[in-house]
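# Architecture at a glance
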Amino acid sequence: MGRAALRFEEQLDTITTGEVGALIRPIEDQTMAQTKAEIERALSGMDRTQFHTEVTVDDQGHGWAMIKSSNLQELAAGAAQMGDVFLAAGLGERVVAGVFPFMWNDPTAGRERTIYWVYQPRIRSFTPFAPDGPHANRERSTDLEVRMEAAGRSLLPTARQTTEWYPIWGMPF
Amino acid sequence: MLLLGVLYGAFIWLMLGFGQTWMLGIVFVIVFIQFSASDKMVLSSMRAKVVTREQAPKLYGLVERLATDAGIPMPKVAISDLAVPNAFATGRSQKHAAVAVTTGLIQILDDIEMEAVLAHEISHIRTKDVVVMTYASFFLIVASMLSSMLMFSAIFGGMGRSRNNNAGSIILAALLVTFVVRIAGGMLVATLSRYREFSADRGAAILTGRPMALASALQKLQGSIPRVPKDDLRRAESMNAFFIMSAVGPGLAELFSSHPSTEKRVQRLKEYETEAATLR
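Residues numbered from 1 in each chain as written. Chains lettered and ligands numbered in written order. Predicted model: local features only at pLDDT ≥ 70, side-chain atom pairs only at ≥ 80, totals over all residues. Heavy atoms only, no water.

## Points about the overall build of chain A
Here is the rule we go by: Numbering goes from the N terminus for both helices and strands, where a helix is a DSSP run of H or I of at least four residues and a strand is a run of E of at least two. Each residue is assigned to one of three classes by its accessible area relative to the maximum for its type, calculated with a 1.4 Å probe on protein chains only: buried under 20%, partly exposed between the two thresholds, exposed over 50%. What makes two residues a contact is simply this: any of their non-hydrogen atoms within 4.5 Å. Exposure was quantified through the Shrake-Rupley algorithm and a 1.4 Å probe, taking into account, for residues, occlusion by the shown protein chains and nothing else.
Looking only at helices and strands, one finds four helices and seven strands in chain A. Seen in sequence order, chain A has helices and strands lined up from the N terminus as α-β-β-α-β-β-α-β-β-β-α. In chain A, which comprises 173 residues, the proportion classed as buried is 53%. In chain A, of all internal contacts separated by at least 6 residues, the share reaching a separation of at least 24 is 61%. Carbon and sulfur atoms provide 47% of the accessible area of chain A, an area that totals close to 7,800 Å².

## A few points about the overall build of chain B
Along its length, chain B carries twelve helices and four strands. Of all 280 residues assigned to chain B, the portion counted as buried reaches 42%. Of the contacts made within chain B by residues no fewer than 6 positions apart, 73% connect residues no fewer than 24 positions apart. If you sum the accessible surface of chain B, you get close to 15,500 Å²; carbon and sulfur atoms cover 65% of it.

## A word on the pattern of salt bridges
All names here are of chain A. Formally: Whenever a carboxyl oxygen of Asp or Glu lies within 4 Å of a side-chain nitrogen of Lys or Arg, that contact is scored as a salt bridge.
Taken as a whole and assessed by the stated rule, the structure comprises 18 salt bridges over all chains. A salt bridge links R122 to E164; the nearest nitrogen and oxygen atoms lie 2.9 Å apart. One end of the pair, R122, is in the loop between β6 (111-120) and β7 (125-129); the other, E164, is in the segment after α4 (142-152), and 42 residues separate them in sequence. Overall, R122 belongs to the partly exposed group, its relative accessible area being 28%. Residue class for E164 comes out buried when judged on its relative accessible area of 4%.

## Side note on the side chain of E145 of chain A
Its place among the elements puts E145 of chain A in helix α4. Exposure remark for E145 of chain A: the relative accessible area of 0% places this residue in the buried category. Look past the residues within four positions of E145 of chain A in its chain and what remains in contact with it is P128, F129, A130, R140 and W165 of chain A together with V228 of chain B.

## Concerning the environment of R94 of chain A
Residues and elements named next belong to chain A. Put simply, the test is: Here a polar contact means two N or O atoms within 3.5 Å. Within protein one must be a hydrogen donor candidate and the other an acceptor candidate, and residues neighboring in sequence count only if both atoms are side-chain atoms.
When you line up the elements, R94 lands in the loop between α3 (72-88) and β5 (95-106). R94 gets classed as buried once you look at its relative accessible area, which sits at 12%. In this structure the C-alpha to C-alpha distance between R94 and R25, which are 69 residues apart in sequence, comes to 5.2 Å. Each residue touching R94, except ones within four places of it in the same chain, is listed here: L23, I24, R25, P26, I27, Q30 and E38. Among the polar contacts made by the side chain of R94, one reaches the side chain of Q30 at a distance of 3.4 Å. Engagement of the side chain of R94 in a polar contact is seen with the side chain of E38, the distance being 2.9 Å.

## Some thoughts on the interface of chain A and chain B
By a widespread convention, an interface's size corresponds to the accessible area lost as its parts come together. For clarity, the cut-off: As a working definition, buried area equals the accessible area (1.4 Å probe) given up by two parts on being put together, with both sides summed.
In this complex, chain A contributes 33 residues to the contact, which on the side of chain B involves 27 residues. Taking both sides of the interface into account, the surface hidden between chain A and chain B amounts to around 2,800 Å²; carbon and sulfur atoms contribute 60%. The salt bridge partner of R234 of chain B is D58 of chain A, with a shortest N-O separation of 2.5 Å. Applying the counting rule to chain A against chain B returns five residue pairs in polar contact (both at pLDDT 80 or more).

## Thoughts on the sheet that holds strand β1 (residues 48-51) of chain B
Paired through their backbone hydrogen bonds, the strands of a sheet run either parallel or antiparallel. Residues and elements named next belong to chain B. Here is the rule: Between any two strands, at least two bridges found by DSSP are needed for them to pair. Fitted lines through C-alpha atoms give the axes, limited to the stretch in contact for helices. The angle between two N-to-C directions lies from 0 to 180 degrees.
Reading across the sheet, the four strands line up as β1-β2-β4-β3 and stay open at both edges, with mixed pairing between neighbours. Only two strands of the sheet have a single partner each, and these edge strands are β1 and β3 (87-91). For this sheet the average axis-to-axis angle between neighbouring strands, irrespective of direction, equals 30°. Where strand β2 (residues 76-80) lies against strand β4 (residues 97-102), five bridges are found, and the strand directions are parallel. Bridge pairing in β4 places I79 opposite V101. Against the sheet, helix α4 (residues 57-70) touches β1, β2 and β4, its axis set at about 140° to β2. Contacting β3 and β4, helix α6 (residues 111-126) runs over the sheet at an angle of about 150° to β4.

## So, the nonpolar core
Note the following rule: Only buried Ala, Val, Leu, Ile, Met, Phe, Trp, Tyr and Cys residues count toward a nonpolar core, and they belong to the same one when joined by side-chain atoms within 4.5 Å.
Membership of the largest hydrophobic core comes to 42 residues, with the highest contact counts inside it found for L59, V101, L118 and I122 of chain B. In this view, L59 of chain B contacts V77, I79, V101, M114 and L118 of chain B; residues no more than four positions away in its chain are not counted. Core analysis: the second largest hydrophobic core is formed by 28 residues, V20, L43, F51 and L91 of chain A among them.

## Concerning the pairing of strand β4 (residues 63-68) of chain A
All names here are of chain A. Along β4, five of the six residues are buried, which leaves the element largely enclosed by surrounding structure. Pairing between strand β2 (residues 19-24) and β4: six bridges, direction antiparallel. In the strand pairing of β4, V20 is matched with I67. One ladder, built from six bridges, connects strand β3 (residues 52-57) with β4; its direction is antiparallel. Paired with T53 across the two strands is I67, which belongs to β4. Between the antiparallel neighbours β3 and β4 lie five residues, among them G61 with a positive phi of about 85°.

## Remarks on the packing of aromatic side chains
All names here are of chain A. Inclusion rule: In this analysis, rings of Phe, Tyr and Trp, with Trp reduced to its six-membered ring, are considered paired at centre separations within 6.5 Å, and the interplanar angle assigns stacked below 30 degrees, edge-to-face beyond 60, and tilted for intermediate values.
A complete count under the given rule lists six aromatic pairs over all chains for this structure. Measuring from ring centre to ring centre gives 4.9 Å for Y119 and F126, while their planes differ by 55°; the resulting arrangement is tilted. The class for Y119 is partly exposed, based on a relative accessible area of 26%. Overall, F126 belongs to the buried group, its relative accessible area being 7%. Ring-pair connections join several aromatic residues into one group, and the members of that group are W64, Y116, F129, W169 and F173.

## With respect to the environment of P75 of chain B
All names here are of chain B. Within the secondary structure, P75 is located in the loop between α4 and β2. Using a relative accessible area of 4% as the deciding quantity, one classes P75 as buried. In sequence terms P75 and Q94 are 19 residues apart; their C-alpha atoms lie 7.6 Å from each other. Setting aside residues up to four positions removed in sequence, P75 forms contacts with V63, A67, A97, A98, V99, I122 and I125.

This is how it looks when you write it as structure tokens:
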């Protein structure tokens, strides 16, 4: 993803927001605090001198492990490391998605908007997600997503079936 | 194109050879009148009215800019009051061209998609596709008119006892020729038109620099905007946990899709987009 992100920046005028996130499914009867503590425990196995990590739990009880770094290379390295520690901690099966937000300057709307590449381990593919306006409105630009997929295909393993392009509303970034 | 020319050339030569010159003459006169008024005829048959810059400033401006970019004279702009979303270009030459859109199209497309569709039509005019297609179908009309005239002359000529013993067989042979011309010509025109569509799509992609805008417009026209799941991934994931296979399987939609041509066009447009992205 790191190399792909670099090429995205070069070719598509998109800039990473300096964050990546992993979405983790809770196990049954787990409280939000327990989910958070479990993820934090797993992350403690990471070398955190290079980047800042943050753990939150969303209103659906899902955990978010986030890495922040203004350096793209570090961000990519951090995402890879995070994947490793989750596997080691036995959380691998519960990673629902890896989310890579990008800023994109929409020339038609004349404004910056956040678009997302979502990695879904279940299908081992990236899917595009381009919310249109605030997440609370639950509106997305499918035509922009179609363009994202067409552009990203040569850089990433993308899912061509639009029926796999699930939205993730209310992300912490 | 060459094939079409050869076919029609042979057809005219044969008809002259059969001594049906007078018939050919009449048909040409009738069709010439039709041809010189073809743009007006097409527009009126589609209930399209030519609009001025004042009546439709946005549409007019778009066409004007695209025509300038494509280096063709400003075509007439027309709006057809039909709910069915569609667009077309017509005219016997670049100078006598018209671009028309339906009100249905104006309603469903956004500005960028409209620009892409207009660019597609402008490409048809620029590459003289409209002229070629008008000519191509023009000869087909000639052939079909001739064969019906021959049919009549065979029936009535036969009843009136022919002066010439050979007349019957000549007319039969001529009928056969026009029949072959109509079948072969029809197939050629169809092939030509398919090829021209792809080339106009490419022309539009180059003109606007946005291949996917046209793809998105085509998908809207087909009424099959890509189906994306409504459910949040978190919910879908918990559903999927109960199934061994993905809850929403691919393939079914593709199996029952009835418009492969739009899919092919969109596929090509996606390739142009990828090409453009690699070049950028």
